[in-house]
Amino acid sequence: VRVLQMAECPATPRTIRLVEDIARAMGISIAVDQALVETPEQAHALAFLGSPTVQVEGQDIEPEARARLDFGLT
C-alpha cells in the first residue's frame, strides 16, 4: 500500500492508521509506503489526486478516481 502525500498534510497520519486498521480487521499483513509529492511532474507520474492518496499496486483505492486525470498538488 502506498500513501502519497504533500508535506505536512494533516490527514495523512489518520489515513495511514485507517488503512492499517482495515488491513488488520481483514487479517491482511501490509506494509505502508509513504511517498512525498513535491512537484506537478511527480503528481502526474504518480497519479496523485490530492493529499493523501492511497494506492494499492499503483491504483487508487477509490474505483471512480481511477479514470480521473486531474493530477496535481492539491
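Structure report, in brief. Every value quoted in this text rests on a predicted model; they were computed, and no experiment measured them. (Residues numbered from 1 in each chain as written. Predicted model: local features only at pLDDT ≥ 70, side-chain atom pairs only at ≥ 80, totals over all residues. Heavy atoms only, no water.)

**As for the pattern of salt bridges**
Rules: For salt bridges, the criterion is a side-chain nitrogen of Lys or Arg within 4 Å of an Asp or Glu carboxyl oxygen. Only runs of H or I of at least four residues qualify as helices and only runs of E of at least two qualify as strands under DSSP, and these elements are numbered from the N terminus. Buried, partly exposed and exposed residues are distinguished by accessible area as a fraction of the type maximum, computed with a 1.4 Å probe on protein chains only: under 20%, between the cut-offs, and over 50%, respectively.
Taken as a whole and judged by the stated rule, the model has three salt bridges. Its salt-bridge partner being Arg2, residue Asp33 comes within 3.2 Å of it at the nearest N-O pair. With Asp33 in strand β2 (residues 33-36) and Arg2 in strand β1 (residues 2-5), this pair connects stretches of sequence that are 31 residues apart. Judged by its relative accessible area of 31%, Arg2 falls in the partly exposed class. Notably, a salt bridge pairs Arg68 with Asp70, separated by 2.8 Å at the nearest N-O pair. On the basis of relative accessible area, Asp70 is assigned to the partly exposed category, the value being 46%.

**Let's talk about a nonpolar patch on the surface**
Note the cut-off: Patch rule: a residue counts if its relative accessible area is over 30% and it has no salt bridge; like charges are joined within 9 Å, and nonpolar side chains (Val, Leu, Ile, Met, Phe, Trp, Tyr) within 5 Å. Each accessible area is a Shrake-Rupley result for a 1.4 Å probe, and residues are judged covered by the shown protein chains and nothing else.
A grouping of Leu18, Ile22, Met26, Ile28 and Ile30 is seen on the molecular surface, where their side chains present a nonpolar patch of about 460 Å² in accessible area. Along the polypeptide, Ile28 turns up in the loop between α1 (12-26) and β2.

On their own, these measurements won't tell you what the molecule is for.
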